[in-house]
Amino acid sequence: GLSTAAFELAGGYARQEPIARLGRPLLAQLTDRIGESTHVAVMSGRDVVYIVEERAARRPALVTDVGVRLPAHLTATGRAMLASLPREQVWALYPDRTGRGPRSLPQLRTLLRETRAAGVATEDGEVTAGMRSVAVAVLDHAGWPVAAVAATWSDFGTTDTAAVTTAVSEAAATLATRLR
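### Some points on the sheet that holds strand E2 (residues 47-54)
Taken in spatial order, the six strands of this open sheet run E3-E2-E1-E6-E5-E4, and their pairing is antiparallel. Edge strands, defined here as strands with exactly one partner in the open sheet, are strand E3 (69-71) and strand E4 (121-124). Shown here is a sheet whose adjacent strand axes are inclined to one another by a mean of 30 degrees, direction ignored. Of the pairings in the sheet, the one linking E4 to strand E5 (residues 131-139) comprises four bridges and is antiparallel in character. Across the sheet, residue Glu-123 finds its bridge partner in E5, namely Ser-133.

Okay, structure coming up:
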């Protein structure tokens, strides 16, 4: 038989399709507004999976693309969503050392506490040297993270980080409203 894998695949598609459908035009607008590449990712266990990607013209290539999985604790999108989870949920996902990035659970907890306080997650060269990202979680009606919206750019340019952060925050809030 098809087993539970078929059920999980269908359930995952049903959850992600509205996020991708509603997120795609928002990312196109966001990329046009800030001139940098943008993406939407969802959690899958300890990883993030990118479900929408909008590449900016004449910008460096990214390791992310639709369907790519990366460790959540290394990415701005993952950090944004992890910071929105109850600490017990994070402990369940990370019962031991994390490897790259934050090297221990106390370091990860500190990073997530700072992310929660700032309302935005950052990543600076931990996924790809010379690239940085900001991300904001998209929360459902109960306050659980269902996705994250992010922008990524080369840290060798003159990108206005505050303006990008504001634009990403607005896009995440719009997507959350549309999903409700």
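### Quick notes on the nonpolar core
With 26 residues, the main nonpolar core has Leu-30, Val-40, Val-149 and Val-168 as its most contacted residues. Breaking this core down by element, the ones donating at least two residues are helix H1 (3-34), strand E1 (37-44), E2, E5, strand E6 (145-154) and helix H5 (161-179). With seven residues, the single largest contributor to this core is H5. By size, the runner-up hydrophobic cluster in this structure holds 22 residues, among which are Ala-41, Tyr-94, Leu-108 and Ala-121.

### Observations concerning the packing of helix H2 (residues 76-84) against helix H4 (residues 105-118)
Any two packed helices are characterised by the angle at which their axes cross and by the distance between the axes. Running from amino to carboxyl end, H2 crosses H4 at an angle of 85 degrees, the nearest separation of the two axes being 9 Å. Of the possible angle classes, the one that applies to H2 and H4 is roughly perpendicular. Of the residues in H4, those touching H2 at Arg-79, Ala-80, Leu-82 and Ala-83 are Leu-111, Leu-112, Thr-115 and Arg-116. Of the residues belonging to the contact of H2 with H4, the class tally is five nonpolar, one polar and two charged.

### Things to note about the pairing of E4
Alternating positions in E4 separate cleanly, Ala-121 and Glu-123 being buried on one face and Thr-122 and Asp-124 remaining unburied on the opposite face. A loop of six residues connects E4 with E5, the two strands running antiparallel in sequence, and Gly-125 in this loop sits at a positive phi of about 75 degrees.

### So, the pattern of salt bridges
Across all of its chains, the model carries eight salt bridges by this definition. Between Glu-170 and Arg-33 there is a salt bridge; the shortest N-O distance is 2.6 Å. Separated by 137 residues along the polypeptide, Glu-170 in helix H5 and Arg-33 in helix H1 bring together distant segments of the chain. Given the relative accessible area of 38%, Glu-170 is considered partly exposed. Owing to a relative accessible area of 53%, Arg-33 belongs among the exposed residues under this scheme. When the shortest N-O distance is used, the salt bridge between Arg-132 and Asp-124 registers 3.1 Å.

### Side note on unusual backbone geometry
Of note, Arg-58 is a non-glycine position whose phi angle comes to about 55 degrees, a positive value. If you trace the backbone, Arg-58 turns up in the loop between E2 and E3.

### Focus: H2
A large share of H2 lies buried, amounting to eight of its nine residues. Buried residues of H2: Ala-76, Thr-77, Gly-78, Arg-79, Ala-80, Met-81, Leu-82 and Ala-83, and no others.

### Quick word on H5
If you check H5, its first and last C-alpha atoms are 27 Å apart, about what 19 residues at 1.5 Å a residue would give, namely 27 Å. When we look at burial in H5, the residues that qualify are Val-164, Thr-165, Ala-167, Val-168, Ala-171, Ala-172, Leu-175 and Ala-176.

### Describing the environment of Gln-16
As for its position among the elements, Gln-16 is in helix H1. Owing to a relative accessible area of 27%, Gln-16 belongs among the partly exposed residues under this scheme. When the C-alpha atoms of Gln-16 and Val-42 are compared, they prove to be 7.9 Å apart, with 26 residues separating the residues in sequence. In this structure Gln-16 touches Val-42 and Ile-51, once residues within four positions along its chain are discounted.

Calculation criteria
Residues numbered from 1 in each chain as written. Predicted model: local features only at pLDDT ≥ 70, side-chain atom pairs only at ≥ 80, totals over all residues. Heavy atoms only, no water. Pairing = 2+ DSSP bridges. Helix = DSSP H or I, 4+ residues; strand = E, 2+ residues; numbered from the N terminus. Axes fitted to C-alpha atoms, helices over the stretch in contact; angles between N-to-C directions. Core = buried A, V, L, I, M, F, W, Y, C linked by side-chain atoms within 4.5 Å. Buried < 20%, exposed > 50% of the residue type's maximum accessible area, 1.4 Å probe, protein only. Parallel < 35°, antiparallel > 145°, perpendicular 65-115°, else oblique. Contact = heavy atoms within 4.5 Å. Nonpolar A, V, L, I, M, F, W, Y, C, P; charged D, E, K, R; others polar. Salt bridge = Lys/Arg side-chain N within 4 Å of Asp/Glu carboxyl O. Expected span 1.5 Å × (residues − 1).

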